[in-house]
Amino acid sequence: MSRIVNKSKFLKGKSKRFTAGVAGVLTLSLVAAVGVLAASLNLQDRAVLAGVNYPSTPSWDVCVGDVNNDGNEDFHVSLHMKNSGPLYQSNGDGTFARIATNISPRPTPGFAKNSYVDRHACAMADVDQNGLLDVYNAAGRWATNKLKDEGINNELWLQTAPGVYEDAATEAGVGEECSRGRFPVFADFNGDGWVDMFLGAQYERADSADVCNNLPDSPTNEQSKIFINRGLNSYGDWAGFSIASEYNVSQKNTGNRFAISWDENNDGRPDLLTQAFANNRPYFYRNNGTSFTEMSRAGTKRFPLMNGATTGDVNGDGYTDVVFADNNGFAWMRGTATGVSTSVNRIASLPSSQRAWGVAVGDINGDGVTDIYGLIRAATAGSANPDDIVYVGQAGGTFVAHAAPSAGGDANDVEAVFVNGRAQFVVLNGGNDEKAAPGPVQLISWVEN
């Protein structure tokens, strides 16, 4: 997959302002375009050294949080179908240890040997306010449109004591036997102090034999939805979740590709940005306190076409920006006191043979400036997995592009995990266990030369 080319072959763009550095490095203006870089000497794949050894694994999503409250971030990898999902705890020295082997097992304990969970994306939050992070995995219905009984439904792994997890999805009201679950996200949408959840779903199949079609809550049972956290009951026990139809997110396929939440207009209420499919305009749900108003596809605040997105403070002004990947490359939209500007600031463009697929943000080199990890996949299915690019932020608002170490498989997901004050990037190259080729889990970090 690694491609080393002469610097004169970089793709031409609207701006040619760049200065060549060491091999594999370019200084970029915010509108520069780049082609294929040689591997950077400053980036290292530390996965195996750090105790994360998945050389060829179908995967779907990675979520990050401090599960043991030691100040270091840990991460969970949601692996697809026949693969158990590992939860890795930071040792505080740059290495990780796999813990909680009962989380996301294969197959589900107590059920038939083929009771594999059609596991998709994950999210972490302390849903029951016991001081310990919990893990949620959304699940699909297999290609055969199975009803998600207790053996294969969504998973809510409650951390009942440090390092002890119990699946309580059905009991908590988020098992969702009929939904083709995709991307979840946690946020306190109604402002009552308890974290709520959005669950994205792919639209129901046209299956006349589907038992879900004849249930009393059809077709709501197969749609994307918001679950409101019910807090404690009269006995002081956590009461789980209930569906909140007033927060209408029933548009077809919303949350199928990604879902992120942040307070976009700084009014104290978390809003929601979700995507149906790659290279589409996302849905943007403005939180009114008791309901949502969809503003992007309705035309009030139109976001551009995207493949993947995240949030972060790119320019250091204290406001949250939106960083995204599209078919042209990577870009960001500036956050302001009253909301995100829909003007696009292009970070870099890619050759037509590549697609920007996902992004993550974090300070990889410890200089206090936000850096951006650009996850790249081939434009043509079955082609070699292109090298990803880390865009290292500079104080003047430019970026230096560093090519990440090569990996096989197909680009899947990336998230930043903070280790001793610096970001390292957990990169999934595992495709999805269906049409895309599996590949390794990488842990990309910065090394000084």
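Up top you'll find the structure we're talking about.
Procedures and definitions
- Residues numbered from 1 in each chain as written.
- Predicted model: local features only at pLDDT ≥ 70, side-chain atom pairs only at ≥ 80, totals over all residues.
- Heavy atoms only, no water.
- Helix = DSSP H or I, 4+ residues; strand = E, 2+ residues; numbered from the N terminus.
- Rg over C-alpha atoms; globule rule 2.2 N^0.38 Å.
- Buried < 20%, exposed > 50% of the residue type's maximum accessible area, 1.4 Å probe, protein only.
- Areas by Shrake-Rupley, 256 points an atom, 1.4 Å probe, with all protein chains shown as cover.
- Phe/Tyr/Trp six-rings, centres within 6.5 Å; stacked < 30°, edge-to-face > 60°.
- Lys NZ or Arg CZ within 6 Å of the ring centre and 35° of its normal.
- Patch = residues over 30% accessible without salt bridge, like charges linked within 9 Å, V, L, I, M, F, W, Y side chains within 5 Å.
- Salt bridge = Lys/Arg side-chain N within 4 Å of Asp/Glu carboxyl O.
- Lys, Arg positive; Asp, Glu negative; His and termini not counted.
- Charge placed at Lys NZ, Arg CZ, Asp CG, Glu CD.
- Contact = heavy atoms within 4.5 Å.
- Polar contact = N/O pair within 3.5 Å; in protein donor to acceptor, adjacent residues only side chain to side chain.

Visitor: Can you walk me through the overall build of the chain in this structure?
Guide: Of regular secondary structure, the chain possesses zero helices and 32 strands. Its C-alpha atoms give the chain a radius of gyration of 21 Å, near enough to 22 Å, the size a compact globule of 449 residues would have. Seen through its C-alpha atoms, the chain measures out along the principal axes to roughly 65 × 45 × 45 Å. Of all 449 residues assigned to the chain, the portion counted as buried reaches 57%. Per element, the accessible surface of the chain, about 17,500 Å² overall, is 48% carbon and sulfur.

Visitor: Where do I start with the packing of aromatic side chains in this structure?
Guide: Here the distance between the centres and the angle between the planes together describe a pair of aromatic rings. Counted under the stated rule, the structure contains 13 aromatic pairs. Pairing tryptophan 238 with phenylalanine 241 gives two aromatic rings, centres 5.5 Å apart and planes at 85 degrees, and the pair type is edge-to-face. Note on accessibility: tryptophan 238 and phenylalanine 241 belong to one class, buried. Each member of the aromatic cluster is reached from another via a ring pair, and the members are Phe189, Tyr247, Tyr283, Tyr285 and Phe292. The residue whose ring lies beneath lysine 146 is tryptophan 142, and the NZ or CZ to ring-centre distance is 3.7 Å.

Visitor: What exactly am I supposed to notice about a negative patch on the surface here?
Guide: A contiguous patch of negative charge on the surface is contributed by Asp149, Glu150, Glu177 and Asp217. Looking at the element boundaries, glutamate 150 is found in the loop between β9 (134-139) and β10 (155-161). Under the relative-accessibility criterion, glutamate 150 is labelled partly exposed at 39%.

Visitor: How should I be thinking about the environment of threonine 293 in this particular structure?
Guide: Mapped onto the fold, threonine 293 is located in strand β19 (residues 292-294). Since its relative accessible area comes to 36%, threonine 293 is described here as partly exposed. Filtering out sequence-adjacent residues up to four positions away, threonine 293 remains in contact with Phe284, Tyr285, Arg286 and Asn288. In terms of polar contacts, threonine 293 uses its side chain to reach the side chain of asparagine 288, at 2.8 Å.

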